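Structural overview
In case you want the letters, here they are:
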Amino acid sequence: MHSRYDGYSFPMRNTVTREKVRFQNRYGIELAGDLYLPKEADGKLAAVAVSGPFGAVKEQCSGLYAEELAARGFAALAFDPSFTGESGGAVRNVASPDINTEDFSAAVDFLATRDFVDPEKVGILGICGWGGMALNAAAMDTRIKATVTATMYDMTRVNAKGYFDAADSADARYETKKALNAQRTKDYRDGTYARAGGVVDPLPADAPFFVKDYYDYYKTERGYTERSLNSNDGWNVTSSLSFLNMPILRYSHEIRSAVLMIHGEKAHSCYFSRDAYADMVRDNPYADNKELLIIPDAVHTDLYDRKDIIPFGKIEQFFRKYLQ
């Protein structure tokens with residue numbers, strides 16, 4: 001299978017330009033991005049850094065969002081997180097709650113120092129697992145003036161507790177850690193890193209709906225791209241180790257900047273956004289600029305690429321209001 005649009009899962013319109021860029025994060029890892037700009041722009045622009053979903057690359061959803069934002073007048077940077085896609089990192093296909101949060105701040109470094117960007121008008125947008133990283137970055141980086149999350153996953157919660165917290169016990173976590181650490185020994189002995197396999201393929205007849213939902217995006221022409229982990233061999237098996245005991249979102253209730261969280265009503269993952277939003281606004285004196293938007297009848301991957309469902313008008317309105 002090949003991606004539909006020369007390495008990308010979406011088409012470009014003629015009112016937008018796309019340029020390959022590279023920049024470093026605070027750990028010295030070189031990140032790769034696609035910078036989208038409106039062809040007709042006047043003065044300094046507001047800018048948005050975009051990444052996600054977890055296991056996707058900039059040629060997929062984040063690029064689609066960035067291209068749409070550029071068409072609406074923003075400078076938009078879709079980037080590959082560390083260790084994935086075209087970005088650097090000696091070990092490939094591994095994630096980190098710390099480093100991947102930092103990746104958003106590195107994207108802000110890049111955007112805030114462009115001549116065509118107003119450094120006081122920079123926001124971020126995270127999709128799926130990178131929605132959690134974006135919210136975590138907003139709690140740390142005061143330069144981020146506005147944050148949007150779409151179909152957000154809290155990757156530390158799901159790894160440590162299982163879906164719907166069904167494996168939230170010390171014994172369950174111990175068994176997971178024991179298996180992952182045994183894999184570490186095997187990987188070191190073999191001199192390679194075993195891969196988890198990406199989205200299951202072929203799709204079992206009895207697969208739960210959310211697995212079918214992922215398959216419909218990552219394993220079909222709708223969303224397949226050559227560099228995507230989820231479309232191919234997946235993350236390293238041991239990638240989730242640090243997510244088990246390094247929870248993100250610990251200080252989300254201290255976020256002062258504006259946040260818009262968007263989720264589909266029928267998404268299996270909707271509880272992540274509902275709970276994270278409740279935690280963020282609880283006892284937060286800056287709750288007035290926070291909003292949770294639930295899209296009726298939408299499932300998880302509808303907010304990956306369904307432009308008839310993704311509320312781009314609302315996203316544009318939000319960024320224009322808070323990046324002013």
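This text gives an overview of the structure that appears in the document. All values derive from a computational prediction rather than experimental measurement.

Thresholds, definitions, all that
Residues numbered from 1 in each chain as written. Predicted model: local features only at pLDDT ≥ 70, side-chain atom pairs only at ≥ 80, totals over all residues. Heavy atoms only, no water. Helix = DSSP H or I, 4+ residues; strand = E, 2+ residues; numbered from the N terminus. Buried < 20%, exposed > 50% of the residue type's maximum accessible area, 1.4 Å probe, protein only. Pairing = 2+ DSSP bridges. Contact = heavy atoms within 4.5 Å. Expected span 1.5 Å × (residues − 1). Arc of directions from axis to C-beta. Axes fitted to C-alpha atoms, helices over the stretch in contact; angles between N-to-C directions.

1. Description of unusual backbone geometry
The omega torsion of the bond from Gly 52 to Pro 53 falls at 0°, within 30 degrees of zero and hence cis. Mapping Pro 53 onto the fold places it in the loop between β3 (45-51) and α1 (61-71). In this chain, Asp 201 is followed by Pro 202 through a cis amide linkage whose omega measures 10°. Relative to the elements of secondary structure, Pro 202 occurs in the loop between α5 (170-190) and α6 (209-218). Positioned with a positive phi, Thr 151 is a non-glycine residue whose angle comes to about 50°. Relative to the helices and strands, Thr 151 is located in the loop between β6 (146-150) and α4 (155-161). Phi angles above zero are rare outside glycine, and Asp 297 is one such case at about 70°.

2. A closer look at the pairing of strand β4 (residues 75-79)
Counting buried residues along β4, five of its five residues qualify, which places the element largely inside the surrounding structure. Here β4 shows a buried face lined by Ala 75, Leu 77 and Phe 79 and a second buried face lined by Ala 76 and Ala 78. Sheet analysis places strand β2 (residues 30-38) next to β4, joined by four bridges and oriented antiparallel. Directly across from Gly 33, in β4, lies its bridge partner Phe 79. Where β3 meets β4, four bridges bridge the pair, whose relative direction is parallel. Along β4, the bridge assignment pairs Val 50 with Ala 78.

3. A look at the side chain of Glu 102
Positionally, Glu 102 belongs in helix α2 (residues 97-112). On the basis of relative accessible area, Glu 102 is assigned to the buried category, the value being 4%. If we ignore the near neighbours within four places in the chain, the residues touching Glu 102 are Asn 25, Arg 26 and Tyr 27.

4. Observations concerning the environment of Asn 230
Residue placement: Asn 230 occurs in the loop between α6 and β7 (258-264). Residues within four places of Asn 230 in sequence aside, it is in contact with Phe 54, Gly 55, Ala 56, Gly 198, Val 199, Tyr 218, Lys 219 and Trp 235.

5. As for α5
Under the 1.5 Å per step criterion, the end-to-end length of α5 is 30 Å for 21 residues, consistent within 8% with the ideal 30 Å. Within α5 the residues assigned to the buried category are Leu 180, Gln 183 and Asp 187. Seen along its axis, α5 keeps its buried residues to an arc of 50°; they face one direction. The exposed residues of α5 that point more than 90 degrees off its buried face are Ala 170, Asp 171, Tyr 174, Tyr 188 and Arg 189. Two residues or fewer after α5 comes Gly 191, characterised by a positive phi angle close to 75°.

6. Notes on the environment of Leu 135
Structurally, Leu 135 is set in helix α3 (residues 129-140). Leu 135 sits in the buried class, given a relative accessible area of 0%. In the structure, Leu 135 is positioned 124 residues away from Val 259 in sequence and 8.2 Å away in space, judged by C-alpha atoms. Once you skip the residues sitting within four places of it in the chain, Leu 135 turns out to touch Thr 147, Met 152, Leu 249, Ile 255, Val 259, Met 261, Ala 276 and Met 280.

7. Quick look at the sheet that holds β7
One open sheet accounts for eight strands, arranged β1-β2-β4-β3-β5-β6-β7-β8; its pairing is mixed. In the strand order of this sheet, the two ends are held by β1 (16-24) and β8 (290-295), each with one partner. Averaged over all neighbouring strand pairs, the angle between strand axes comes to 20°, with direction disregarded. As judged from the nine bridges shared by β1 and β2, these two strands associate in the antiparallel manner. For Lys 20, the partnering residue across the bridge sits in β2 and is Asp 34.

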